[in-house]
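Analysis of the macromolecular model
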Amino acid sequence: MPSRPESCLITGGGGFIGYHLAQRLVSMGCEVTIIDNKGLDSGGSIGCRYLKGDLQDESLVRSLVAGHDCVYHMAALLGVRRTMESPADMLENNVAGTIHVLRAALAHGKKVLFASTSEVYGKGTPPFAESADLVFGPTQKLRWSYAVGKALEEYLCLGYAKKGLPVAIVRYFNVYGPRQKQGLYGGVVAKFIASALKGDDIVVYGDGSQTRSFTYVSDAVDATIAAMQYSAGPCVVNIGCDEEIAIADLARIIRKLAKSTSAIVTVPYERIFPDGFEEVPRRLPSILKAQQLFGYHPHVALEEGLRQTIAWFRASAAALPKEED
Ligand SMILES: NC(=O)c1ccc[n+]([C@@H]2O[C@H](COP(=O)([O-])OP(=O)(O)OC[C@H]3O[C@@H](n4cnc5c(N)ncnc54)[C@H](O)[C@@H]3O)[C@@H](O)[C@H]2O)c1
């Protein structure tokens, strides 16, 4: 395995996964710079340089990339609601940001790790291996725009790999843990925990029979760093966990672990997204490739990860009232 890079640029490092990644890289002795267009709640306390800036500023991106050994490109606009409400802003932001990162990295010969998503598998048949076909619905169903955008960004990465750029693409499957966003655009685990702790209804979209698999953030960070260190050509690899759970069951487990009296209510998709939504009934990765390439095994079982996440949310009351994120 090659020696680890000395200096890392993390785009979107003020967000959930990027923040944990920054913490870990700093603890490994790396010099880390974060660029994010939002401020970081906890200031510079994780021991890295934090720059408030936007990836739309190509000259800024170019100078930052030039000054680092590698780039973890985590910055993106995401979330089902955002995808449904403002797909053009989301696509422009994500695709342009990725183009700027790739151009700069090629110009300066720096490796890029791109944060892709399980969403790219669309409505295919799980368990999803990286070689599986990507199956999307019609363009009129805007829910596919985020997935198609990420697939396009993967093509851009692989296209730049053809020009000689070292790249790694990781497809995350529902990462959760402390600091995950819980507001309007947040992830399901964080939203359920926030509702459970406040005693509000836990709102399940659809009938709750749809399944997902959840990856604790420390496992996602392990695999992300391993993918960056993997040097035998461009890789596209799932980062997930092969435990599958129905969303209604997730709500019940969270309610139990949080010792909450919240009601669990189901709301039809048509009520939340009147323009039409298409749910993916099952989403489960094959994690064989990550196991074979760099010995990845998720270590944190769902209940244990949920316990740790609930404890963090309970301890940081400040994380609960925010709804706008
Ligand atoms: N969390 C998950 O379960 C999950 C699953 C699949 C894929 N991903 C991908 O992983 C990455 C990180 O996800 P996350 O959950 O940490 O998201 P997050 O929203 O917490 O973090 C993303 C960060 O990117 C920043 N950002 C967005 N556009 C920017 C721009 N133009 N310039 C500078 N900063 C910008 C945001 O301010 C935010 O802090 C994203 O690319 C996401 O698509 C996440």
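Our structure's up above, just so we're on the same page.
About the thresholds
Residues numbered from 1 in each chain as written. Predicted model: local features only at pLDDT ≥ 70, side-chain atom pairs only at ≥ 80, totals over all residues. Heavy atoms only, no water. Buried < 20%, exposed > 50% of the residue type's maximum accessible area, 1.4 Å probe, protein only. Helix = DSSP H or I, 4+ residues; strand = E, 2+ residues; numbered from the N terminus. Pairing = 2+ DSSP bridges. Contact = heavy atoms within 4.5 Å. Axes fitted to C-alpha atoms, helices over the stretch in contact; angles between N-to-C directions.

With respect to the pairing of strand β8 (residues 202-205)
Side-chain alternation along β8 places Ile202 and Val204 on a buried face and Val203 and Tyr205 on a face that remains uncovered. Relative to strand β13 (residues 264-267), β8 runs parallel, the two being bridged by 4 bridges. In the sheet register, Val204 faces β13, and the bridge partner there is Thr266.

Considerations on the pairing of strand β6 (residues 167-172)
Counting buried positions over the 6 residues of β6 gives 6, a clear majority of the element. Going residue by residue along β6, you find Val167, Ile169 and Arg171 tucked away on one face and Ala168, Val170 and Tyr172 tucked away on the opposite face as well. Of the strand pairs in this sheet, strand β5 (residues 111-117) and β6 are connected by 6 bridges, and their pairing is parallel. Residue pairing across strands places Val112 opposite Val167, the latter belonging to β6.

Some thoughts on the side chain of Arg143
Considering the arrangement of structural elements, one finds Arg143 in the loop between β5 and α5 (145-162). The buried category is assigned to Arg143, whose relative accessible area is 5%. Ignoring anything within four residues of it in the chain, the contact list for Arg143 reads Thr83, Met84, Glu119, Phe277, Glu278, Glu279, Val280 and Arg283.

Thoughts on the sheet that holds β6
One open sheet holds the 7 strands; their spatial order is β3-β2-β1-β4-β5-β6-β11, and the pairing between them is parallel. The sheet terminates laterally at β3 (49-52) and β11 (235-239), the two strands that pair on one side only. On average, each strand axis in the sheet is tilted by 20° relative to the strand beside it, whichever way the strands run. Bridge count for β6 against β11 is 5 bridges, and the pairing is parallel. Paired with Arg171 across the two strands is Asn238, which belongs to β11. Along the sheet face, helix α1 (residues 16-27) touches β1 (7-11), β2 (31-36), β4 (70-73) and β6 and points at about 170° away from the line of β1.

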